[in-house]
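Secondary and tertiary structure notes
Here is how the chains run, residue by residue.
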Number of protein chains: 2
Amino acid sequence: MATVHRQKLDFQGKSGQTKILIGEGVLAGAAQEMADWLSGRRLFVVTTRYLWDLHGSALQSVLRSAVDPVELFVADGEAAKAVEVAHRLWDEMLAAGGKRDSRLLTFGGGTVGDVGGFVAGGFLRGIEYTQVPTTLLAQVDAALGGKTGVDLEGGKNTVGLFHHPAWVLSDTSLLATLPSAELRSGLVEVVKMAALLDPPLLERVEESLDALLAGDAAVLAPVIAAAAAAKAGVVERDEREGDLRRVLNFGHTLGHAIEGVLAYEGLRHGEAVAYGMLFALRLAERRALVAPEAGKRLRVLLRRFELPALPELSPEALYGFMTRDKKATEGGIAWVLPASPADRPFGGFEIAGGVGREEVMEELPAFLASPFAPSVKV
Amino acid sequence: MATVHRQKLDFQGKSGQTKILIGEGVLAGAAQEMADWLSGRRLFVVTTRYLWDLHGSALQSVLRSAVDPVELFVADGEAAKAVEVAHRLWDEMLAAGGKRDSRLLTFGGGTVGDVGGFVAGGFLRGIEYTQVPTTLLAQVDAALGGKTGVDLEGGKNTVGLFHHPAWVLSDTSLLATLPSAELRSGLVEVVKMAALLDPPLLERVEESLDALLAGDAAVLAPVIAAAAAAKAGVVERDEREGDLRRVLNFGHTLGHAIEGVLAYEGLRHGEAVAYGMLFALRLAERRALVAPEAGKRLRVLLRRFELPALPELSPEALYGFMTRDKKATEGGIAWVLPASPADRPFGGFEIAGGVGREEVMEELPAFLASPFAPSVKV
């Protein structure tokens with residue numbers, strides 16, 4: 001059986017077009033397709049030393065086509081997403097002769113893409129850039145949609161801007177070296193989009209979860225392409241945070257709070273989001289938004305992810321964090337809840353703005369004690 | 001004679017609309033016009049302690065309409081435009097409970113507007129803001145057009161983004177306390193736009209320069225309105241740095257280099273730009289782009305500005321700075337040169353991309369020795 005799944009998506013945003021290539025080995029041929037974008041330009045590559053040593057050679061054809069590529073190294077993980085790091089990269093780019101028509105390429109996971117995109121967006125008021133996501137999470141989610149940013153001490157992604165990449169190159173052969181917990185974390189975002197937007201994709205994940213969690217590239221490639229298409233479709237129709245784009249925040253209201261209260265240690269992003277989806281499901285059940293089958297299937301599927309246990313967390317601390325989240329407005333928190341359409345369990349959602357503190361606090365302690373249990377009102 | 005000149009301009013950009021109010025006392029009534037934008041929102045005011053003590057009371061009606069306004073102080077002058085300052089303001093805004101629908105208002109000159117606009121553009125990926133420029137330079141130029149930014153050690157405005165304000169409130173009564181050198185610096189930008197875009201405005205400046213330099217509010221208000229309209233018109237047709245918007249860069253290629261080599265000390269921005277225009281005029285004369293009358297009139301007008309003398313400057317250092325300017329591309333420096341249309345001395349320009357190093361270096365030492373002399377080739 002041929003294992004190559006190669007797909008090209010075009011994202012047409014208000015501020016330009018993003019060309020998206022997904023599949024095994026897409027980096028090898030990318031330089032030809034990107035010739036106009038690359039040739040004769042100085043290229044800055046934002047990456048980590050670990051990734052550069054491990055996979056940098058996959059970028060050789062791209063690097064050869066650019067002028068004097070300059071590597072800019074950042075730390076692994078969330079430490080890269082700091083204003084000070086962006087400041088250092090800007091200084092380095094200016095010192096290396098970076099110009100308005102220079103190019104930047106991010107080569108790494110979500111944190112590298114976030115800080116690299118922010119640096120591209122702010123350098124000389126914006127230079128064009130390419131995202132080369134090297135994790136499943138980044139390939140299905142973080143690299144798409146134009147969100148860039150860094151963290152403040154008081155919260156994650158609290159500084160940033162919308163800056164759409166000119167290219168996204170998702171080479172699934174880079175995923176072979178990912179730890180299985182990273183694959184799991186990325187698959188949670190696939191489940192998030194599939195449950196609300198693409199029921200056939202959810203069924204595909206249910207059927208092939210074991211192969212996906214094992215990193216089978218042939219099974220992963222079409223799933224990544226479908227999830228990327230779902231996300232790009234949402235973003236295309238709603239570039240800023242209107243109601244439609246909010247659907248992507250399913251599981252993220254509590255998920256971000258869990259990450260924040262844990263100071264981004266102990267759980268991966270996707271793991272926290274999985275718990276966030278389970279909690280949103282409770283709120284949806286209280287409000288009779290979802291068919292019983294949907295709750296059951298989502299819990300069964302997420303149990304198979306074998307998430308690390310939820311550490312002990314204070315409901316008050318979590319609630320305080322949620323009200324400070326950047327997606328909260330002066331009017332309160334807007335929850336994204338799954339909602340079953342009349343004829344099927346998945347494929348719908350509701351943005352619930354009127355969920356009060358009491359309602360959340362009635363569910364939260366019970367949820368923390370038993371995350372896979374249904375709403376206390378069911 | 002009534003001295004009130006009140007004008008309302010609307011700027012329609014790709015990313016939204018800017019409402020511009022210009023005239024004496026426009027701040028007093030602004031809160032009513034801005035009611036929808038302001039009421040029920042938390043407001044952050046970026047300003048300096050000096051301006052706040054001097055003119056803060058002019059903002060009272062605006063502040064009363066917002067929720068718990070929070071003042072954010074920055075230093076006077078270029079020191080405010082630093083990544084570290086933006087970082088501090090972001091931290092303060094987050095700690096004060098800033099949300100995505102919070103508002104920001106800049107109250108100050110160009111540096112306050114630049115850093116404040118950048119902070120608004122980056123906070124939670126962008127919140128809406130208002131510019132209240134308190135200097136002539138900011139009222140005719142800096143506050144309009146959506147450019148925001150801070151400096152790196154290696155160059156001015158090297159980090160930033162395009163973020164159009166929702167409102168610009170130019171209250172000409174704030175200009176009464178400006179030092180005359182500040183008025184002169186602002187009027188240079190008026191001359192810049194008038195010479196290339198609005199010959200009747202240039203004539204008005206020639207006729208009333210003494211009153212303008214003396215800060216006569218009645219004479220200033222319509223001049224500010226005309227210059228603001230010229231700039232808004234250019235930006236509206238060309239939001240990013242295309243060929244049309246480049247016209248605004250007349251005098252800025254050498255002007256920025258002079259400021260940079262002097263480490264932004266000794267000359268004000270407008271003073272450096274005035275010298276930059278005189279130099280661009282030489283390049284235009286070499287290429288026979290301008291009618292002799294235009295060169296003569298521009299020199300006569302700028303002599304009347306009684307600019308501080310140009311300090312001793314190295315041509316090599318200036319040239320090096322120009323090639324590192326963010327407006328330079330990998331292809332070299334694009335000079336904005338005045339060009340006389342067939343039937344009149346002013347009102348035209350040319351973007352000259354092919355001005356070589358030899359050409360510039362043939363003029364530059366002679367210019368530095370005698371800035372008001374014509375081209376060595378004339």
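In what follows, the accompanying structure is described. Numbers given to residues run from 1 along each chain, matching the order in which its sequence is written. Note on labels: chains are lettered from A, ligands numbered from 1, in written order. The predicted origin of the model limits local features to residues at a pLDDT of at least 70 and limits the giving and counting of side-chain atom pairs to 80 or more, whereas totals for whole chains, interfaces and linings rest on all residues. Remark: hydrogens and water are excluded; side-chain values derive from all non-hydrogen atoms of the structure.

1. Thoughts on the overall build of chain A
Short version of the rule: Every helix listed is a DSSP run of H or I at least four residues long, and every strand listed is a run of E at least two residues long, numbered separately from the N terminus. Radius of gyration: C-alpha atoms only; globule rule: 2.2 Å multiplied by the number of residues to the exponent 0.38. Accessibility here uses a 1.4 Å probe with only protein chains present; expressed as a share of the type maximum, an area under 20% marks a residue as buried, one over 50% as exposed, and anything in between as partly exposed. Note on areas: Shrake-Rupley, 1.4 Å probe, and residue coverage restricted to the protein chains presented here. Positive charges come from Lys and Arg, negative ones from Asp and Glu, while His and the chain ends are left out of the count. The atom standing in for a charge is NZ when the residue is Lys, CZ when it is Arg, CG when it is Asp and CD when it is Glu.
What chain A contains, in helices and strands, is 15 helices and 11 strands. For 378 residues, the compact-globule formula gives about 21 Å, and the C-alpha radius of gyration of chain A, at 20 Å, lands near that figure. By its C-alpha atoms, chain A is 65 × 50 × 35 Å across when sized along the principal axes. Of all 378 residues assigned to chain A, the portion counted as buried reaches 62%. Only carbon and sulfur atoms are counted for the fraction: they give 50% of the accessible area of chain A, which is about 13,600 Å². Taken as two groups, the 39 positive and 48 negative side-chain charges of chain A have centres that lie 3 Å from each other.

2. Description of the interface of chain A and chain B
Using the following cut-off: The criterion used for residue contact is that any of the two residues' heavy atoms lie within 4.5 Å. One side-chain nitrogen of Lys or Arg within 4 Å of one carboxyl oxygen of Asp or Glu is enough to make a salt bridge. Any N or O atom pair separated by 3.5 Å or less is treated as a polar contact, with the protein-specific requirement of one donor-capable and one acceptor-capable atom, and with residues adjacent in sequence counted only for side-chain atom pairs. When residue character is reported, Ala, Val, Leu, Ile, Met, Phe, Trp, Tyr, Cys and Pro are called nonpolar, Asp, Glu, Lys and Arg charged, and the others, Gly included, polar.
Contacts between chain A and chain B engage 40 residues on the former and 40 residues on the latter. Linking chain A with chain B are 0 salt bridges, by the criterion used here. Linking chain A with chain B are 8 residue pairs in polar contact (both at pLDDT 80 or more), by the criterion used here. At the level of elements, helix 5 (83-95), helix 6 (110-122), strand 7 (147-152) and strand 8 (155-162) of chain A are the ones that each hand at least two residues to the side of chain A that touches chain B. Here the side of chain A that touches chain B gets 7 residues from one element, more than from any other, and that element is strand 8 of chain A. Split by residue class, the side of chain A that touches chain B holds 10 nonpolar, 15 polar and 15 charged.

3. Some words on the relation of the copies chain A and chain B
The line we're drawing: Each copy is superposed on the other by least squares, with the fit set by C-alpha atoms of residues at a pLDDT of at least 70 in both.
Overlaying chain A on chain B yields an RMSD of 0.0 Å, the required transformation being a rotation through 180° with an accompanying axial translation of 0.0 Å. Taken together, the rotation angle and the small translation identify this as a two-fold axis. Here 100% of the contact residues of chain A are again contact residues in chain B; the copies associate through an equivalent surface.

4. Brief notes about unusual backbone geometry
Its identity as a non-glycine residue notwithstanding, alanine 288 of chain A has a phi of 55°, on the positive side. Assessed through its relative accessible area of 66%, alanine 288 of chain A is described here as exposed. Unusually for a residue other than glycine, asparagine 157 of chain B sits at a positive phi of about 55°. Topologically, asparagine 157 of chain B is positioned in strand 8 (residues 155-162).

5. Focus: helix 11 (residues 252-261) of chain A
Residues and elements named next belong to chain A. Extensive coverage of helix 11 is indicated by the burial of 9 of its 10 residues. Three or more residues of helix 11 are buried, namely His252, Thr253, Leu254, Gly255, His256, Ala257, Ile258, Glu259 and Gly260. Against the buried residues of helix 11 lie strand 8, helix 8 (180-197), helix 12 (269-286), helix 14 (315-324), strand 10 (335-338) and helix 15 (357-369). Immediately downstream of helix 11, the backbone of alanine 263 shows phi near 55°, a positive value.

6. Side note on the side chain of glutamate 259 of chain B
Residue and element names in this part refer to chain B. The topology assignment puts glutamate 259 in helix 11 (residues 252-261). Among the polar contacts made by the side chain of glutamate 259, one reaches the side chain of lysine 156 at a distance of 3.3 Å. Those residues in contact with glutamate 259, other than ones at most four positions away along the chain, are Lys156, Tyr264, His269 and Ala272.

7. Quick notes on the pattern of salt bridges
Per the stated rule, a full pass over the model turns up 50 salt bridges over all chains. For glutamate 78 of chain A, the salt bridge is made with lysine 156 of chain A, and the minimal N-O distance between the two is 3.8 Å. Here the residue glutamate 78 of chain A occupies a position in the loop between strand 4 (67-73) and helix 5, and lysine 156 of chain A occupies one in strand 8, the gap between them amounting to 78 residues. The residue glutamate 316 of chain B makes a salt bridge to arginine 357 of chain B at a minimum N-O spacing of 2.9 Å. In this pair, glutamate 316 of chain B sits in helix 14 (residues 315-324) while arginine 357 of chain B sits in helix 15 (residues 357-369), placing the two residues 41 residues apart along the sequence. On the basis of relative accessible area, glutamate 316 of chain B is assigned to the partly exposed category, the value being 46%. A relative accessible area of 36% means that arginine 357 of chain B is categorised as partly exposed. Taken together, the shared-partner salt bridges connect Arg282, Arg286, Arg287, Glu359, Glu362, Glu363 and Lys377 of chain A into one network.

8. Notes on the packing of aromatic side chains
To keep it simple, the criterion reads: Pairing of aromatic side chains requires ring centres within 6.5 Å, counting the rings of Phe and Tyr and the six-membered ring of Trp. Pairs whose planes differ by under 30 degrees are stacked, by over 60 edge-to-face, and all others tilted. Charge-over-ring contacts are defined here by two conditions on Lys NZ or Arg CZ: a distance within 6 Å of the ring centre and an angle within 35 degrees of the ring normal.
One pass over the full model with this rule turns up 8 aromatic pairs over all chains. Taking the centre distance of 5.6 Å and the plane angle of 50° together, the rings of tryptophan 90 of chain A and phenylalanine 118 of chain A count as tilted. In this pair, tryptophan 90 of chain A sits in helix 5 while phenylalanine 118 of chain A sits in helix 6, placing the two residues 28 residues apart along the sequence. With respect to class, tryptophan 90 of chain A is no different from phenylalanine 118 of chain A; both count as buried. Centroid distance phenylalanine 279 of chain A to phenylalanine 367 of chain A: 5.2 Å. Interplanar angle 65°. Geometry classified as edge-to-face. Of this pair, phenylalanine 279 of chain A sits in helix 12 while phenylalanine 367 of chain A sits in helix 15, placing them 88 residues apart in sequence. Accessibility expressed as a relative area gives 0% for phenylalanine 279 of chain A, which makes it buried. Taken together through their ring pairs, the aromatic side chains of Phe279, Trp335 and Phe367 of chain A make up a single cluster. Above the face of the phenylalanine 162 of chain B ring, arginine 125 of chain A is positioned so that its terminal group lies 6.0 Å from the ring centre. Looking at arginine 49 of chain B, its charged tip hangs above the ring of phenylalanine 73 of chain B, at a distance of 4.0 Å from the centre.

9. Some points on helix 15 of chain B
Side chains of residues three or four places apart in an α-helix project in the same direction, reflecting 3.6 residues per turn. All names here are of chain B. Which entries qualify depends on this criterion: For a helix, the expected span equals 1.5 Å multiplied by the residue count minus one.
Under the 1.5 Å per step criterion, the end-to-end length of helix 15 is 19 Å for 13 residues, consistent within 8% with the ideal 18 Å. Along helix 15, the residues that are buried comprise Glu359, Val360, Met361, Glu363, Leu364, Phe367 and Leu368. Among the structural elements, helix 11, helix 12 (269-286), helix 14 and strand 10 (335-338) are those in contact with the buried residues of helix 15.

10. Section: the pairing of strand 10 of chain B
All names here are of chain B. Short version of the rule: Note on pairing: two strands pair once DSSP finds at least 2 bridges between them.
Judged by which residues are buried, strand 10 turns out to be covered on both faces: Trp335 and Leu337 on one side and Val336 and Pro338 on the other are all buried. Summarising the sheet, strand 10 and strand 11 (residues 349-352) pair through 4 bridges and their orientation is antiparallel. From the neighbouring strand, leucine 337 faces strand 11, where its bridge partner is glutamate 350.

11. Digging into the pairing of strand 9 (residues 167-171) of chain A
All names here are of chain A. The buried fraction of strand 9 amounts to 5 of the 5 residues, a majority that puts the element mostly inside the structure. Taking every second residue as pointing to the same face, both faces of strand 9 are buried, with Trp167, Leu169 and Asp171 on one and Val168 and Ser170 on the other. As paired strands, strand 2 (residues 16-23) and strand 9 are joined by 5 bridges and run parallel to one another. Paired with isoleucine 20 across the strands is valine 168, a residue of strand 9.

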